[in-house]
Amino acid sequence: MRKLVVRGVAAGAIALLALTGCSSRNSNDSGSDSGSGSGDAAKGGFAADSLIGVSLPTKTSENWVLAGDLFTNGLKEAGFKSDVQYATGGVSEQQSQISAMVTKGAKVIVIGAIDAAQLATQVEAAKQAGATVIAYDRLLKNTNAVDYYVAYDNFKVGQLQGEALLKGMKAKKPTGPYTIELFAGSPDDNNSGVFFNGAMDVLKPEIDKGNVVVGSGQTDVKQVSTQSWKAENAQQRMDSLMTSTYSSGAKTLDGVLSPNDTLARAIITSVKGAGKPVPVVTGQDSEVESVKSIMAGEQYSTINKDTRNLVKQTIQMVKDLQAGKKAEVNDEKSYNNGVKVVPSYLLPPVIVTKENAAQSYANDPKLAPLTK
Ligand code: BGC
């Protein structure tokens with residue numbers, strides 16, 4: 001893949017990429033490929049009933065709620081003791097939860113970070129204490145102390161969202177130009193930049209050709225990001241856009257790039273509230289309400305990143321480490337955290353529209369009935 005040297009904080013990188021359209025899985029890619037080894041992650045194993053810490057962020061989408069239960073049950077089933085915590089109170093709560101896991105002697109600490117750049121001190125202490133650190137779903141930035149990354153390929157998620165947006169608009173209106181708006185996730189979550197860069201990898205060439213126009217002209221991350229992944233923040237921004245750009249009827253909104261389902265539904269609520277037709281809106285996470293919306297013909301797409309498989313893969317890594325092996329990885333080049341390329345196990349995300357929903361959720365007892 002193309003590499004772009006971008007220095008600075010994630011937010012700046014998103015802004016720059018929005019302008020250049022260059023692709024990067026790393027929202028502050030240092031351009032360096034050094035340090036791809038997994039260090040001393042495998043240290044001859046540890047006791048089979050050891051404590052495993054799992055530090056999860058705020059419950060900003062259904063996948064996080066599900067992950068907590070799956071980790072608690074899955075680790076127990078595998079014979080480990082577990083300490084599964086949500087940092088509902090924010091970054092400082094997550095920092096103290098991780099420190100407590102280190103103090104309690106956790107052998108592996110699995111972390112879904114609220115803020116990718118604010119946990120270096122805690123994960124470095126974890127390493128010092130001999131624990132292995134696994135970044136879960138969200139990469140940990142600017143630290144050597146992260147041993148592994150396990151996630152769905154989030155850059156691919158963004159690309160799939162960009163492709164779905166174009167396809168959905170074309171299906172409704174065979175020729176362009178198409179008018180769209182862009183939304184990104186929370187600036188502190190490293191994934192937000194990765195999703196956005198992936199989507200822009202697909203959309204930017206179309207914007208450059210004039211086939212796609214961002215109606216409001218808002219492509220800067222400060223304008224398009226959604227603080228804390230909160231639905232009300234996306235809804236407020238969409239409300240303002242409806243007033244500032246679409247109220248006169250001179251422009252018709254054809255599509256909205258939404259990074260996840262929670263925000264997609266907020267965006268749709270706003271457009272409907274303004275009395276305008278629902279545009280093609282993308283999403284992610286396969287949330288129950290969004291799958292219903294897709295089946296009802298409102299939200300256009302979501303992404304299937306089955307949490308069951310991600311947790312299962314993570315627990316497999318823990319088992320390998322317990323047995324004194326290195327955890328299995330399948331990618332040692334894509335996810336640079338600013339100081340090292342983190343050895344990763346990446347699962348493939350799947351785009352879901354009304355067309356393939358039944359097939360995609362066939363083995364999901366919660367979602368399959370919704371597609372009948
Ligand atoms: C996850 C998404 C989720 C978002 C908000 C991201 O880091 O990858 O699946 O929608 O956080 O919770």
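Residues numbered from 1 in each chain as written. Predicted model: local features only at pLDDT ≥ 70, side-chain atom pairs only at ≥ 80, totals over all residues. Heavy atoms only, no water.

J.: Got a minute to help me understand the sheet that holds strand 6 (residues 178-182) in this structure?
T.: Sheet strands line up and pair through hydrogen bonds in the backbone, either parallel or antiparallel. In space, the four strands of this open sheet follow the order 7-6-8-9, with parallel pairing throughout. Each end of this open sheet is capped by a strand with a single partner; those strands are strand 7 (212-214) and strand 9 (280-281). By the bridge criterion, three bridges tie strand 6 to strand 8 (residues 255-257) in an arrangement that is parallel. Bridge pairing in strand 8 places I180 opposite G255. (Pairing = 2+ DSSP bridges. Helix = DSSP H or I, 4+ residues; strand = E, 2+ residues; numbered from the N terminus.)

J.: Can you help me understand helix 6 (residues 190-209) in this one?
T.: Structural remark: α-helix, 3.6 residues per turn; residues separated by three or four positions point the same way. Between its first and last C-alpha, helix 6 extends 29 Å over 20 residues, near the 28 Å set by a 1.5 Å rise per residue. The largest bend in helix 6 is about 40 degrees, located at D201, with the proline P205 one to four residues further on. Within helix 6, 16 of the 20 residues are buried, leaving the element largely enclosed by the surrounding structure. Between the side-chain oxygen at the start of helix 6 and the backbone nitrogen of N191 there is a gap of 2.8 Å, and the oxygen is on D189. Just downstream of helix 6, G210 is the residue with a positive phi angle, here 85 degrees. (Expected span 1.5 Å × (residues − 1). Bend = angle between axes of the 7 residues up to and from the residue. Buried < 20%, exposed > 50% of the residue type's maximum accessible area, 1.4 Å probe, protein only. Polar contact = N/O pair within 3.5 Å; in protein donor to acceptor, adjacent residues only side chain to side chain.)

J.: Just checking my understanding: could you explain the pairing of strand 5 (residues 148-152) for this structure?
T.: If a strand is regular, its side chains alternate between the two faces of the sheet. For strand 5, a buried count of five out of five residues is recorded, marking the element as mostly surrounded by other parts of the structure. On strand 5, burial covers both faces: Y148, V150 and Y152 on one face and Y149 and A151 on the other are all buried. Where strand 4 (residues 132-136) lies against strand 5, three bridges are found, and the strand directions are parallel. Looking across to strand 5, one finds that Y136 is bridged to V150. The pairing of strand 5 with strand 11 (residues 344-347) spans four bridges and is classified as parallel. Pairing of Y152 across the sheet is with L347, part of strand 11.

Keep in mind these numbers describe shape, not what the thing actually does.
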